[in-house]
Amino acid sequence: QRAEDLLELNRKKVEVGTLAPIEITQAEAGVASQEEGVIVAEATLEDAEDELRRLLAIPDHDPMWDKQILNSTRPAFEEIDIDVEGAIQIALSERASVRSAEQVVENSMLSERVARRQVRHNLDFTAQYNPQGVSLDIAEFRDPSNPGLILLPEESADLSESIARIANGDVYNWSARVTYSVPIGNRAAKAGYARARISREKAQTDLDNAEQTVRVEVRRAVRAVQSGIKRVEAARKNVELQQKKLDAEQKKFDNGMSTVSYTHLTLPTTIELC
């Protein structure tokens, strides 16, 4: 706006003959330069709005993507002292990438344990106990005329009594077995164990890399915050000095003691989300 005001003022002075026409060209160049700065700033603002929408997980077809985001309050500036180690520990415990890598390491360790068992000798002990239900107490007898013929009693068994006999444990069968096996060669199991061990080592390396990446990112973010604080302080001081310089130059220009020159003031235009 100041550049446009200056352009209009120069045009009037050229019309009355108190200023050379070249000053109009210089003023027009100043307006174009300032307009370029406004365009760049507006694009930066729109990029920041899109980034905010992304962080808010706005759906693809939501009309919020086409609406301008306005601040209800001005951003507050507060100097903070960041605990770097504490921030790193929070990141290590909350980062999804680190937790996923830890889960991969746990699964790899279990697979390695299973593969290691396949290489060892095996010793198995098996015991079996089978109670039986018998309701007939009459012993068998042999036919005197035919000693090789075994006769059983004609009395039928009682089902309820047989079930009761099972609980009493009067009649039972039991067996026990011990089996010891020694793998000969066992190359397949050894190869599987080697693959499982290498997979576990790789998973541990990936976890270490993920933790190192988090540490570097947190330290970088902390430095960005600390340098941002210093940049804000420097920018505030610069604004104050530039305002004083502008007032002095404006007074000199009004009195005809100076000409117009354009100086671009570069201020921090990016906020990093840490």
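Here the structure is a predicted model, which is why all the values come from computation and not from measurement.

Caption draft 1: View of the overall build of the protein. A tally of regular secondary structure across the protein gives six helices and four strands. Reading the secondary structure of the protein in the N-to-C direction produces α-α-α-α-β-β-β-α-β-α. Counting only residues that meet the buried cut, the protein has 15% of its 274 residues in that class. Contacts spanning at least 24 positions in sequence make up 73% of the contacts within the protein whose residues lie at least 6 apart. Surface accessibility of the protein: about 21700 Å² in total, with carbon and sulfur atoms responsible for 53%.

Caption draft 2: Broad picture of the packing of aromatic side chains. Evaluation of the coordinates by the stated rule reveals zero aromatic pairs. Sitting over the ring of Y193, R197 keeps its end group 5.4 Å from the ring centre.

Caption draft 3: Quick peek at the packing of helix α1 (residues 2–16) against helix α2 (residues 22–55). Closest axis-to-axis distance for the α1/α2 pair is 9 Å, and the angle between their directions is 165°. With respect to α2, the element α1 is oriented roughly antiparallel. Where α1 crosses over α2, the handedness of that crossing is left-handed. In this structure, α1 uses A3, E4, L7, N10, R11 and V14 to contact α2, whose residues at the interface are E23, I24, A27, E28, G30, V31, Q34 and E35.

Caption draft 4: Quick look at the nonpolar core. Core analysis: the biggest nonpolar cluster contains twelve residues, these being I88, A91, L92, V98, A101, V105, A203, L207, A210, V214, V218 and V222. Looking at this core, the elements that each hand over two or more residues are α3 (84–94), α4 (96–119) and α6 (187–254). Leaving out residues up to four positions away in the same chain, L207 has contacts with V98, A101, E102 and V105. A3, I24, A27 and V31 belong to the second-largest nonpolar core, a separate cluster that totals five residues.

Caption draft 5: Structural view of the pattern of salt bridges. A complete count under the given rule lists seven salt bridges for this structure. In this structure, the salt-bridge partner of R53 is D50, at a minimum N-O distance of 2.8 Å. Taken as a pair, R53 and D50 lie in helix α2 at a separation of three residues, close to a single helical turn. As a salt-bridge pair, R54 and E51 come within 2.5 Å of each other at their nearest N and O atoms. On the criterion of helical spacing, the pair formed by R54 and E51 is a turn pair, its members being three residues apart in helix α2. What emerges from the salt-bridge pattern is a single network uniting E49, D50 and R53.

Caption draft 6: Just a nonpolar patch on the surface, in detail. On the surface, L123, F125, V178, Y180 and V182 cluster together to form a nonpolar patch covering roughly 580 Å² of accessible area. Within the residue set of the nonpolar patch, elements represented by two or more residues are β1 (122–132) and β4 (171–181). Following the sequence through the fold, Y180 ends up in strand β4. Note on Y180: relative accessible area 52%, which makes it exposed.

Caption draft 7: Main features of the side chain of E112. Within the secondary structure layout, E112 lies in helix α4. Taking the relative accessible area as the measure of exposure, E112 reaches 9% and is therefore buried. Ignoring anything within four residues of it in the chain, the contact list for E112 reads Y193, A196, R197 and R200.

Caption draft 8: Geometry of unusual backbone geometry. Of note, A57 is a non-glycine position whose phi angle comes to about 55°, a positive value. Secondary-structure assignment places A57 in the loop between α2 and α3.

Definitions and limits used
- In this numbering scheme, every chain counts its residues from 1 along its sequence in written order.
- Local features in this predicted model are restricted to residues whose pLDDT is 70 or higher, and side-chain atom pairs enter the listing and the counts only when it is 80 or higher, whereas totals over whole chains, interfaces and linings include all residues.
- To obtain the side-chain values, all non-hydrogen atoms of the structure were used and water was disregarded.
- Segments assigned H or I by DSSP are reported as helices when at least four residues long, segments assigned E as strands when at least two residues long, and all are numbered from the N terminus.
- Residue exposure (1.4 Å probe, protein chains only): buried if accessible area is under 20% of the type maximum, exposed if over 50%, otherwise partly exposed.
- In this analysis, two residues are considered to be in contact whenever any of their non-hydrogen atoms come within 4.5 Å of each other.
- Using a 1.4 Å probe, accessible areas were evaluated by the Shrake-Rupley method; residue-level cover was limited to the displayed protein chains.
- Between 30 and 60 degrees the pair is tilted, below 30 it is stacked and above 60 it is edge-to-face, where a pair is any two Phe, Tyr or Trp rings, Trp via its six-membered ring, whose centres lie within 6.5 Å.
- Think of it as a cone above the ring: NZ of Lys or CZ of Arg counts as a charge over the ring if it is within 6 Å of the ring centre and within 35 degrees of the ring normal.
- Angles here are taken between N-to-C directions and fall from 0 to 180 degrees, while the axes themselves are lines fitted to C-alpha atoms, restricted in helices to the stretch in contact.
- Each angle receives one of four descriptions, namely roughly parallel if under 35 degrees, roughly antiparallel if over 145, roughly perpendicular if within 65 to 115, and oblique otherwise.
- When the near helix sits turned anticlockwise from the far one by under a right angle, the crossing is termed left-handed; a clockwise turn instead gives a right-handed crossing.
- The criterion is simple. A nonpolar core is a set of buried Ala, Val, Leu, Ile, Met, Phe, Trp, Tyr and Cys residues joined through side-chain atoms within 4.5 Å.
- A side-chain nitrogen of Lys or Arg and a carboxyl oxygen of Asp or Glu constitute a salt bridge if their distance falls within 4 Å.
- The patches reported here contain residues having more than 30% relative accessible area and no salt bridge. Joining distances are 9 Å for like charges and 5 Å for nonpolar side chains (Val, Leu, Ile, Met, Phe, Trp, Tyr).

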